[in-house]
Amino acid sequence: MAGSGAPAPLPGPSGPGSALEEEEEEEEDEEPSLGCDGDLEVNPYDGLPFSSRYYELLRQRRELPVWTAKYSFMEHLEGSSGIVLVSGPPGTGKSTQIPQWCAEYALSMSFAHGLVACTQPHSLAALSLSLRVADEMDLNLGHEVGYCVPHEDCCTADTILRFCSDEMLLREMTSEPLLRQYGVVVLDEAQERTVPTDALLGLLKDVLRQRPALRLVIVTSPALEPRLRAFCGDPPVVRVPGHGSPPQLLHREPPAHGSVAAACQAVLDIHRRQEPGNVLVFLASEQEISECCAAIQTEAVALSPALGPLLVLPLHPGVGRAAQRLYETPEEGRERRVIVTHWLGDSSFSLGTVHFVIDSGLELRSVYNPRIRAESQVLRPISRSQAESRMQRAAGSPPGTCLRLYSEAFEQRMPPSPAPQVGETSLSRLVLLLKRLDIADMGQCDFLDRPAPESLMQALEDLDYLAALDDDGNLSEVGIIMSEFPLDPQLAKALIASCEFDCVEEMVSLAAMLTASPCFVPLSTHLEEAVALRRRALLHPSGDHFTLINIFNAFQQYAGDEGWCRKQGLSAEALRLAATVRAELLEAMRRIELPVSPPAFGSDANALNIQRALISGYFLKVARDIDGSGNYVMLTHKHVAHLAPASGYLLRAPPRRLPPWVLYHEFTISQDNCLQVVSEIQPQMLVELAPQYYLSNLPPSEGRDLLMELREKVVAAEEAAPAEAELAEGARREEDEPADVCVLQ
């Protein structure tokens, strides 16, 4: 490398080793300036001269702890081993630098074996990293560097480095099981233990046996390194050092007034003491994040301006592109940033110069129970490895401070590592995708932690009820079509059924609204009454599913006007996402040549057809009001639930009777046990459309007895129909027989 500070040379055909050795030798003689005096260095990816910002960012990159491991990493990547394991604490630069080095390796091979894919367990992290890496590589996002997350693909034919969510790469394998377009696959943040990442670990091991030239890079935290080494057959390991000295660790007894108030007070105390550095706060849920941000901003107004500005930044999946504010250069040198997050910030984001970490030690997670086909909201302690990762965020020179809002005794009771999500999630969608990959027996798929047999059996049973499997347990024709849609199997089946019942336009809108984030925004107390009045105009008498279609149609009618959305208390961003999802679903239906019926929303016949399509997919999610006062008992188990406060049935004025039978979209076991998105159905329709063996397998209840009585009547009517038809046909034939008459000659 020249003394002018040119970027590290890309590995040539002779291999990365010699080039990197030259780089290390020349860096010793490097001048402080990384300017580009004399001849301009050219970016090998697009052929354009590097900008001054490239050199500025290059200087920052070389200060990252991961940079010291570059030579070792490139040497192992060039070697004969198909898998390279990278282990290191968060915030050391692994997620931004490793993909760039893999792109250098692929370029040195002239992309002979394919491009580079880098997965992230969270879509927001994939988007954020692609923006940062494109900036560091001095390339345009959407060209040489791109991202692909659910409902948003920012890649072209020119993309050589692709960041994607792990779910998207898993779906890609259903159409190209060997991933031949990729020469290097990076599985980042493997310690997050998401279902798609765990599945990819096993599937890619099999791909390597058939494609020895493929390189698989697994990036993880030190806590999971031993298990991954054993799982992958003891591959080479590149260990990344941490940030200088460990932080000072403080414990505080659990606050009586709650974690939010304690965290807010700790932030304000740090700011009042004028100790330099940004603050990172870990709380349990999105609701706590919002409450904490609002509390800090309210209290900050009363602080002395001499303390400097306080910028509060929430970080959770709902913030979307606003997460990029984490990487913006502060306008004022004295500005202090307070990043308030939950489990999303454990490792997925490089959060810069954090000097203080405040950790509540709790997280709110959804845990699926296969016995009752419902999720529970569980507030539980984080793991010790998560606590260690959070503490490492404050490491550096000089070391920072980590304040734990829990005692050392509480810490000792924490589990050693986070629970793998494959044991806490419904597996129906995963089993459907694996069946599409011709993995008939789940025992053929290698998992780091095998799913519970009960969860697998429940997933297979649900797919069988939905007619997604044939008699041999393989995907049926319906199952193959269901796997084409990026939807939960029940919603995919309802969408397919809409083709039979001529309500495709309406079901596509509904599927998009159910897939996108919730469209209703929380309201201030003084606005609730006025907005509720306007929302009532959008309510549909047939139920919440129909109300969602109403809202989407109105949004389209008003051309996506944000002012209209604000007046109705609706999220314009969520509705725009729904429009994108809808277009994707329609494109998929046309690609597989499913019929699309014209719109007919508003007619009675169309409302009945939508109900039929919904029951075809959601007959597993039906509840009955047992006493006429809103106490709904699930048919598949005996939990009692109530309608959510936001349900249209409770918002009507004047109030009307509650429906005796409802179909619901979601049921979460929490403090209020609410059914989300419900619509009235007729039990006769359920008997006609649900599989007979499903009804027979329902647990004993009054609701089951009523359905079986209805079923007997339907069967009797069906058996009587041919006899009546035969009698009618006989009578018709008698009428048609010619009578004895004289024929004139």
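Look a little higher up for the structure.
Here we summarise the structure given alongside this text. Because the structure is a prediction, the values reported are computed rather than measured.

The six strands lie next to each other as β9-β16-β13-β10-β12-β11, forming an open sheet whose pairing is parallel. The open sheet is flanked by β9 (248–251) and β11 (310–315), the only strands paired with a single partner. When the angles between neighbouring strand axes are averaged without regard to direction, this sheet yields 15 degrees. With four bridges joining them, strand β13 (residues 354–359) and strand β16 (residues 401–404) adopt parallel strand pairing. What sits directly across from phenylalanine 356, in β16, is threonine 401.

Attention now moves to the packing of helix α4 (residues 94–108) against helix α5 (residues 123–136). Their axes nearest at 10 Å, the elements α4 and α5 cross at an angle of 60 degrees. One way to sum up the angle between α4 and α5 is to call them oblique. By crossing handedness, the relation of α4 to α5 is classed as right-handed. Contacts between α4 and α5 involve Ser95, Thr96, Gln97 and Gln100 from the former and Leu129, Arg132, Val133 and Glu136 from the latter.

Our focus in this paragraph is the sheet that holds strand β1 (residues 83–87). Spatial strand order, β4-β3-β5-β2-β6-β7-β1-β8: eight strands in an open sheet with mixed pairing. In this open sheet, the two strands that pair with only one neighbour each are β4 (152–154) and β8 (237–239). Between one strand and the next, the sheet's axes are offset by a mean angle of 20 degrees, whatever the strand orientation. Relative to strand β5 (residues 161–165), strand β2 (residues 115–120) runs parallel, the two being bridged by five bridges. Bridge pairing in β5 links glutamine 120 to serine 165. Packing of helix α7 (residues 195–210) onto the sheet brings it into contact with β1, β6 (182–187) and β7 (215–220), and relative to β6 it is tilted by some 155 degrees.

Its place among the elements puts isoleucine 615 in helix α22 (residues 604–618). Sequence separation between isoleucine 615 and glutamate 688 is 73 residues, and the spatial gap between their C-alpha atoms is 9.7 Å. Ignoring anything within four residues of it in the chain, the contact list for isoleucine 615 reads Leu663, Ile681, Met685, Leu686 and Leu689.

We now examine the packing of helix α17 (residues 504–515) against helix α21 (residues 572–591). Relative to each other, α17 and α21 sit at 130 degrees, their axes nearing to 8 Å. The angle between α17 and α21 falls in the class oblique. Handedness of the crossing formed by α17 with α21: right-handed. Residue-level inspection shows Val504, Glu505, Val508, Ser509, Ala511, Ala512, Met513 and Thr515 of α17 in contact with α21, the latter providing Leu575, Ala578, Val581, Arg582, Leu585, Leu586 and Met589. For the contact of α17 with α21, a count of residues per class yields eleven nonpolar, two polar and two charged.

Right, let's get into α5. For α5, built from 14 residues, the straight-helix expectation of 20 Å at 1.5 Å per residue is met to within 8% by its first-to-last C-alpha distance of 20 Å. Judged by how many residues are buried, α5 sits mostly within the fold: eleven of 14 residues are covered. Looking only at α5, the buried set comprises Leu124, Ala125, Ala126, Leu127, Ser128, Leu129, Ser130, Arg132, Val133, Ala134 and Glu136. Elements in contact with the buried residues of α5: α2 (52–62), α4, β2, β3 (145–149), β5 and β11.

Now for the pairing of β11. Counted residue by residue, β11 has five buried out of six residues, so it is predominantly covered. The pairing of β11 with strand β12 (residues 336–341) spans six bridges and is parallel. Of the residues in β12, the one forming a bridge with leucine 315 is threonine 341.

Attention now goes to the packing of aromatic side chains. Using the criterion set out here, one finds ten aromatic pairs in the structure. A cation sits over an aromatic face here: lysine 205 above phenylalanine 231, 4.0 Å from the ring centre. Sitting over the face of the ring of tryptophan 343, arginine 365 holds its NZ or CZ atom 4.5 Å from the ring centroid.

Scanning the entire structure with this criterion turns up zero disulfides. Unpaired in terms of disulfides, cysteine 118 finds its nearest cysteine sulfur in cysteine 164, a separation of 7.6 Å. For cysteine 118, a relative accessible area of 0% gives the class buried.

Tracing the backbone shows serine 476 in the loop between α14 (453–465) and α15 (477–483). Taking relative accessible area as the criterion, serine 476 reaches 14% and is therefore assigned buried. Within the structure, serine 476 has its side chain in polar contact with the backbone oxygen of alanine 467 (distance 2.6 Å). Setting aside residues up to four positions removed in sequence, serine 476 forms contacts with Ala467, Ala468, Leu469 and Asp470.

Rules used in this analysis
Residues numbered from 1 in each chain as written. Predicted model: local features only at pLDDT ≥ 70, side-chain atom pairs only at ≥ 80, totals over all residues. Heavy atoms only, no water. Pairing = 2+ DSSP bridges. Helix = DSSP H or I, 4+ residues; strand = E, 2+ residues; numbered from the N terminus. Axes fitted to C-alpha atoms, helices over the stretch in contact; angles between N-to-C directions. Parallel < 35°, antiparallel > 145°, perpendicular 65-115°, else oblique. Left-handed = near helix turned anticlockwise from the far one by under 90°. Contact = heavy atoms within 4.5 Å. Nonpolar A, V, L, I, M, F, W, Y, C, P; charged D, E, K, R; others polar. Expected span 1.5 Å × (residues − 1). Buried < 20%, exposed > 50% of the residue type's maximum accessible area, 1.4 Å probe, protein only. Phe/Tyr/Trp six-rings, centres within 6.5 Å; stacked < 30°, edge-to-face > 60°. Lys NZ or Arg CZ within 6 Å of the ring centre and 35° of its normal. Disulfide = S-S within 2.5 Å. Polar contact = N/O pair within 3.5 Å; in protein donor to acceptor, adjacent residues only side chain to side chain.

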